[in-house]
Amino acid sequence: MTESPFHDLSAPELESLNTLQALFSHDQSPLKADLMCGVYRTDEGTPSFYRQELLCNDPLWDHEYPPSHLGTQRFRDLTSRLMFGEESSYVDDKCIVTVQTLGGSGACHMGAVFLDRHYSPWKEGAPKRVYIPKETWTNHPNVFRYLNIAVSNLPYYSPRSGAVAFSELKDALNQIPNQSVVVAANNPTGCDLSREHWNSLVDDFRRKGHFAFFDAAYLGFASGDYNRDSAPRWLFVENGIPMLCATSYGKTFGIYGERIGTLSIPLPTADLAKKTEKHMKILARAKTGAMPVFGSKLVESILGCENLAKEWKRNLQTMAAELKRRRLHLRTLLEKLDTPGDWSFLTTQAGMFSCVL
């Protein structure tokens, strides 16, 4: 064979990232800091883990395949209630399909594939395009473009104020075509919409018929309260806005390498949810076969135990408070050094990220 049978195998962005990671690993400086990955670290520089001994010390734990390609039923039920609230009528009426995925990236990919195959406007000939805030995670465009879904940017962040450019975002959402797919993610600007903002956007989504594609990987890191950070998802689903939600347990449980994520799809009826679940089983079988079980069993064990769930929520509060303290510390140091610019945004923003433009 004299020529490769494959077309265009270059991946410059990924090569650049891997090169930076290699340079960081080989750098001997004690002052180096890794800002490439959104990973929480303690003051000692170690990850934060949650109760992994629960499984390691369990004599009944094994490494068998899970009973479903979608993850265990208990894991999925606990996830649905955590994501959309214990009192959600959609949860009680079994109108939410939740499936386990390979981390948050896998959830985004599965959601994109599902829309590519089943979103009615696209099936009826509307252009396959999603709208994503300009300041977003670099992998978001990749997920959709890999499936030949076009990507357009939405205004989101104002460098002048260090806050959400809400009027510009709202205007853009009202100018794009009806029934557009809009990706809403909580990284990497550190700027979250207020409750009043979300209430206003619900009206816009309803009037325009837009579809909301949520990627919520860091719930709890902004306020310290998982439920409070989940409120926009609850608001949209209870108002009947068509949507799906990708999320990750890697961040909130400190089990990054276990690749435990979920994709949840609220549907109008339980019958439609059953039909959707059948399609998701076929998709999961083709994509991964069986899902990883160690991390999902750990999450299931913690969320399924009232005392451990309370402990986990307290740990989230501690992490959020620590992030807030570090933001204040960084701002104080920058201002003490008379670093040019206004650094107040570091303490008005929240969570794992900040945006400097």
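Residues numbered from 1 in each chain as written. Predicted model: local features only at pLDDT ≥ 70, side-chain atom pairs only at ≥ 80, totals over all residues. Heavy atoms only, no water.

An unreviewed UniProt entry lists the protein under the name Aspartate aminotransferase, from Aspergillus viridinutans. Per UniProt, the protein carries the Subunit (unreviewed entry) text "Homodimer." Quoted verbatim from the Catalytic activity (unreviewed entry) heading of the UniProt record, the comment on the protein is "L-aspartate + 2-oxoglutarate = oxaloacetate + L-glutamate". (UniProt positions renumbered as here; feature names shortened; annotations may be inferred.)

Trainee: Please clarify how the overall build of the protein should be interpreted in this entry.
Mentor: Along its length, the protein carries 15 helices and nine strands. Against the 2.2 N^0.38 benchmark of 21 Å for 357 residues, the protein shows a C-alpha radius of gyration of 21 Å, consistent with a compact globule. The principal-axis extents of the C-alpha atoms in the protein amount to approximately 65 × 60 × 60 Å. Across the 357 residues of the protein, 45% fall into the buried class. Split by element, the accessible area of the protein, about 19,300 Å² in all, is 53% carbon and sulfur. (Helix = DSSP H or I, 4+ residues; strand = E, 2+ residues; numbered from the N terminus. Rg over C-alpha atoms; globule rule 2.2 N^0.38 Å. Buried < 20%, exposed > 50% of the residue type's maximum accessible area, 1.4 Å probe, protein only. Areas by Shrake-Rupley, 256 points an atom, 1.4 Å probe, with all protein chains shown as cover.)

Trainee: Please explain the pairing of strand β8 (residues 243-248) as it appears in this structure.
Mentor: The two faces of the sheet receive side chains in turn, since in a regular strand these alternate between them. Burial within β8 is extensive, with six of its six residues counted as buried. Judged by which residues are buried, β8 turns out to be covered on both faces: M243, C245 and T247 on one side and L244, A246 and S248 on the other are all buried.

Trainee: I would appreciate a short explanation of the environment of A231 in the present structure.
Mentor: Among the structural elements, A231 can be located in helix α10 (residues 226-238). A231 sits 146 residues away from G85 along the chain, and the two C-alpha atoms are 8.9 Å apart.

Trainee: For this particular structure, what's the right way to read the packing of aromatic side chains?
Mentor: Geometry of an aromatic ring pair is reported as the spacing of the ring centres plus the angle between the planes. A full pass over the atoms with the stated rule returns 14 aromatic pairs. Plain terms: the ring middles of Y119 and W122 are 5.6 Å apart, the flat faces sit at 90° to each other, and that makes the pair edge-to-face. Each member of the pair, Y119 as well as W122, is classed as buried. Plain terms: the ring middles of W343 and F345 are 5.8 Å apart, the flat faces sit at 35° to each other, and that makes the pair tilted. Within the aromatic cluster, the residues linked to one another by ring pairs are F75, Y226, Y249, F253 and W312. Geometry around F24 places K32 over its ring, the cationic atom sitting 4.4 Å from the centre. (Phe/Tyr/Trp six-rings, centres within 6.5 Å; stacked < 30°, edge-to-face > 60°. Lys NZ or Arg CZ within 6 Å of the ring centre and 35° of its normal.)

Trainee: What exactly am I supposed to notice about unusual backbone geometry here?
Mentor: Note on backbone geometry: most residues besides glycine have negative phi, and most peptide bonds are trans. Residues other than glycine seldom take positive phi values, yet K94 does so here, at roughly 55°. When you line up the elements, K94 lands in the loop between α4 (89-92) and β1 (96-102). Residue K94 is classed as exposed on the basis of its relative accessible area, which comes to 63%.

Trainee: Sorry if this is basic, but what is going on with the sheet that holds β1 here?
Mentor: Backbone hydrogen bonds hold the strands of a sheet together, and the pairing may be parallel or antiparallel. Strand order in the open sheet made by the seven strands is β1-β9-β8-β7-β6-β2-β3, with mixed pairing throughout. A strand with exactly one partner marks an edge of an open sheet, and here the two such strands are β1 and β3 (150-154). Pairs of neighbouring strands in the sheet enclose a mean axial angle of 20°, with direction left out of account. Bridge analysis of strand β6 (residues 181-185) against strand β7 (residues 211-216) gives five bridges, and the strand direction is parallel. Of the residues in β7, the one forming a bridge with A185 is D215. Across the sheet, helix α12 (residues 270-287) is in contact with β1 and β9 (260-266); its angle to β1 comes to roughly 15°. (Pairing = 2+ DSSP bridges. Axes fitted to C-alpha atoms, helices over the stretch in contact; angles between N-to-C directions. Contact = heavy atoms within 4.5 Å.)

Trainee: Teacher, can you tell me more about the environment of F213 here?
Mentor: Looking at the secondary structure, you find F213 in strand β7. Linking F213 and C108, residues 105 residues apart in sequence, is a C-alpha distance of 8.7 Å. Apart from the residues within four sequence positions on either side, F213 is in contact with C108, G111, A112, L115, F144, V181, V182, V183, A184 and L244.

Trainee: I'm lost on helix α3 (residues 73-84) in this one. Help?
Mentor: For an α-helix, 3.6 residues make a turn, and residues three or four places apart therefore share a direction. Counted at 1.5 Å a residue, the expected span for α3 with its twelve residues is 16 Å, and the 16 Å between its end C-alpha atoms agrees. Looking at α3, one finds that the buried residues are F75, R76, T79, S80, L82, M83 and F84. Downstream of α3 by a residue or two, G85 has a phi angle that is positive, lying close to 100°. (Expected span 1.5 Å × (residues − 1).)

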